[in-house]
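Survey of secondary and tertiary structure
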Amino acid sequence: DIAVLYLKTPVNVAGITPSELHAGTPSWQEIKSKGTKLVFVGFGFNVLNNEKVGLGIKREASWAISGYDDYAVSFATPGTNTCNGDSGGPGFLEGTKSLVLAAVTSGGDNAACTYGFDT
């Protein structure tokens, strides 16, 4: 579901600045305990009146994680969440000088889009 690409030369294209990768500081324990939010970006569905609508529209929202382990962070945020079509999208760490890529949307419940996890 994800890949990391290492380039021989830096990206040097006007208007494109690659995101820094989260290197473990702050730790996931600290991120969770402080309620630090991640900004999730994706092109998935919205769920309105139990119907999935709006696939392909770029959206972003932020919320705190509810759990983590060695491979993933999880969250359950009623009314706002990742959904089908968001997979592969970034989860950026909030409160940093630049966009720090901390997670990549991987999955969740397919029915109501009420919880998810990122690698």
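To be clear, the structure that these remarks concern was listed above.
Cut-offs applied
Throughout, a residue's number is its position along its own chain's written sequence, starting from 1. Note on the predicted model: pLDDT of at least 70 is required for a residue's local features to be given, and 80 or more for side-chain atom pairs to be given and counted; whole-chain, interface and lining totals, by contrast, use all residues. Heavy atoms throughout the structure, all of them, feed into the side-chain values; hydrogens and water do not. Cysteine sulfur atoms are paired as a disulfide whenever they fall within 2.5 Å. Secondary structure counts use DSSP, requiring at least four H or I residues in a row for a helix and at least two E residues in a row for a strand, with both numbered from the N terminus. Each residue's exposure class comes from its accessible area (1.4 Å probe, protein chains only) as a fraction of the maximum for that residue type: buried when under 20%, exposed when over 50%, partly exposed otherwise. We place a 1 Å grid over just the protein atoms. Points where a 1.4 Å probe fits but has no way out form a cavity, open points with protein on both sides within 12 Å along at least 5 of 7 lines form a pocket, and any residue with an atom within 4 Å of a point lines it. Grid points are joined across faces, edges and corners, and a volume is the space filled by probe spheres set on the points. Polarity classes work like this: nonpolar for Ala, Val, Leu, Ile, Met, Phe, Trp, Tyr, Cys and Pro, charged for Asp, Glu, Lys and Arg, and polar for all others, with Gly in that last group. Residue contacts are defined here by distance: any two heavy atoms, one from each residue, within 4.5 Å place the two residues in contact. The sign given to each residue is positive for Lys and Arg and negative for Asp and Glu; His and the chain ends receive no count. By definition, a salt bridge exists where a carboxyl oxygen of Asp or Glu is found within 4 Å of a side-chain nitrogen of Lys or Arg. N or O atoms closer than or at 3.5 Å make up a polar contact, with two conditions inside protein: a donor-capable atom paired with an acceptor-capable one, and, for residues adjacent in sequence, both atoms drawn from side chains.

This brings us to the state of the cysteines. What is meant by a disulfide is a covalent connection between two cysteines, made through their sulfur atoms. Tallied over the full model, the rule gives 1 disulfide. Covalent S-S linkage joins Cys 83 and Cys 113, the inter-sulfur distance amounting to 1.7 Å. Taking the sign of the torsion about the S-S bond as the criterion, the disulfide between Cys 83 and Cys 113, at about 45°, is right-handed. Here Cys 113 lies in the loop between β9 (100–108) and β10 (116–118) and Cys 83 lies in the loop between β7 (73–75) and β8 (90–93), a separation of 30 residues in the sequence. Just as Cys 83 is buried, Cys 113 falls in that class too.

Next up on the list: the layout of surface pockets. When its volume is computed, the largest pocket comes out at roughly 540 Å³. Taken together, 19 residues line the largest pocket, and the ones lying closest to its centre are Val 4, Leu 5, Ser 19, Leu 21 and Leu 101. Among the residues making up the lining of the largest pocket, the classes are represented as 15 nonpolar, 4 polar and no charged. Considering only enclosed or pocket space, the second largest pocket measures out at about 360 Å³ in volume. Contributing to the lining of the second largest pocket are 22 residues, with Phe 45, Asn 46, Thr 80, Asn 81 and Thr 82 lying nearest its centre.

Its place among the elements puts Pro 78 in the loop between β7 and β8. Each C-alpha atom of the pair Pro 78 and Ala 112 lies 9.9 Å from the other, and the pair is 34 residues apart in sequence.

Once that is clear, we can look at the side chain of Thr 82. Looking at where Thr 82 falls in the secondary structure, it is placed in the loop between β7 and β8. Since its relative accessible area comes to 7%, Thr 82 is described here as buried. Aside from chain neighbours lying at most four places away, what touches Thr 82 is Phe 40, Trp 63, Phe 75, Thr 105, Cys 113 and Gly 116.

So, about the side chain of Asp 118. By the element assignment, Asp 118 lies in strand β10. The charged side chain of Asp 118 is buried without a salt bridge, its nearest counter-charge being Lys 58 at 15 Å. Reaching out from Asp 118, the side chain makes a polar contact with the backbone nitrogen of Thr 105 at a distance of 3.1 Å. With residues near it in sequence (within four places) discarded, Asp 118 still touches Phe 40, Tyr 71, Ala 72, Val 73, Phe 75, Gly 91, Ala 103, Val 104, Thr 105 and Ser 106.

Treat this as a map of the structure, not an account of what it does.
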